Amino acid sequence: RFPYICYQNGGGAFLIPYTIMLVFGGLPLFYMELALGQFHRSGCLTIWKRICPALKGIGYAICLIDIYMGMYYNTIIGWALYYLIASFQSELPWTSCHNSWNTIDCRPVTDILPNSTTSSSPAREFFEREVLEQYKSDGLNRMGPIKPALALCVFAVFVLVYFSLWKGVRSTG
């Protein structure tokens, strides 16, 4: 959720703590796990069992986190694929307010007043109303229907990732 929270809260507020934690926490732990795995010639599931059997749950937690991160980032890449497919139109759909998903509050970026709270840009409405279709949801109790075009884009990304990793690094080199 980090990119989404950055977008919602202005972006720069999270950059300093994120960089500090990356430099002093994330990278040293990542390097330690790579060094230990290479030294013991084992992966993330078995390395912690070799070091201390009581810590074998860390390896399973790493795999579970990787699954969640893979789903999250593949969804974002699916959105990018949706944008790529939408960009093949003669006029980009997120540049004008003359589309079926636009509201009456839609204003081109050049017409939006600095202190206006009711107007929104066509790009924002394209993402929120056409790509995500947020207006069809009333919260977590009813999230709305699955959008077939977006589901197909995410599925295509998962297939692409699968075939990229299918035979491992040696086959791609």
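Cut-offs used in this document
Residues numbered from 1 in each chain as written. Predicted model: local features only at pLDDT ≥ 70, side-chain atom pairs only at ≥ 80, totals over all residues. Heavy atoms only, no water. UniProt positions renumbered as here; feature names shortened; annotations may be inferred. Helix = DSSP H or I, 4+ residues; strand = E, 2+ residues; numbered from the N terminus. Phe/Tyr/Trp six-rings, centres within 6.5 Å; stacked < 30°, edge-to-face > 60°. Buried < 20%, exposed > 50% of the residue type's maximum accessible area, 1.4 Å probe, protein only. Lys NZ or Arg CZ within 6 Å of the ring centre and 35° of its normal.

- In the nomenclature of an unreviewed UniProt entry, the protein chain is known as High-affinity serotonin transporter protein of Tenebrio molitor.
- What UniProt records for the protein chain under Sequence similarities (unreviewed entry) is the sentence "Belongs to the sodium:neurotransmitter symporter (SNF) (TC 2.A.22) family."
- Quoted verbatim from the Subcellular location (unreviewed entry) heading of the UniProt record, the comment on the protein chain is "Membrane".

1. Side note on the UniProt feature "transmembrane region" (unreviewed entry) in the protein chain
Working step 1: In the numbering used here, UniProt assigns the "transmembrane region" (unreviewed entry) feature to residues 12-36, 57-85 and 146-165.
Working step 2: Helix makes up 100% of residues 57-85 and strand 0%. Its end C-alpha atoms lie 42 Å apart.
Working step 3: Its end C-alpha atoms 27 Å apart, residues 146-165 is made of 90% helix and 0% strand.

2. Some remarks on the packing of aromatic side chains
Working step 1: Under the definition given, this model contains nine aromatic pairs.
Working step 2: When the centroid spacing of 5.1 Å and the interplanar angle of 70 degrees are considered together, the rings of Tyr72 and Tyr73 count as edge-to-face.
Working step 3: The partly exposed category is assigned to Tyr72, whose relative accessible area is 24%.
Working step 4: Ring geometry for Tyr162 versus Phe163: centroids 5.2 Å apart, planes at 70 degrees, classification edge-to-face.
Working step 5: Relative accessible area serves as the criterion here: at 48%, Tyr162 is assigned to the partly exposed category.
Working step 6: Linked through ring pairs, Tyr83, Trp94, Trp101 and Phe126 together constitute an aromatic cluster.
Working step 7: The aromatic ring of Tyr135 is capped on one face by Arg129, whose charged end is 4.2 Å from the ring centroid.

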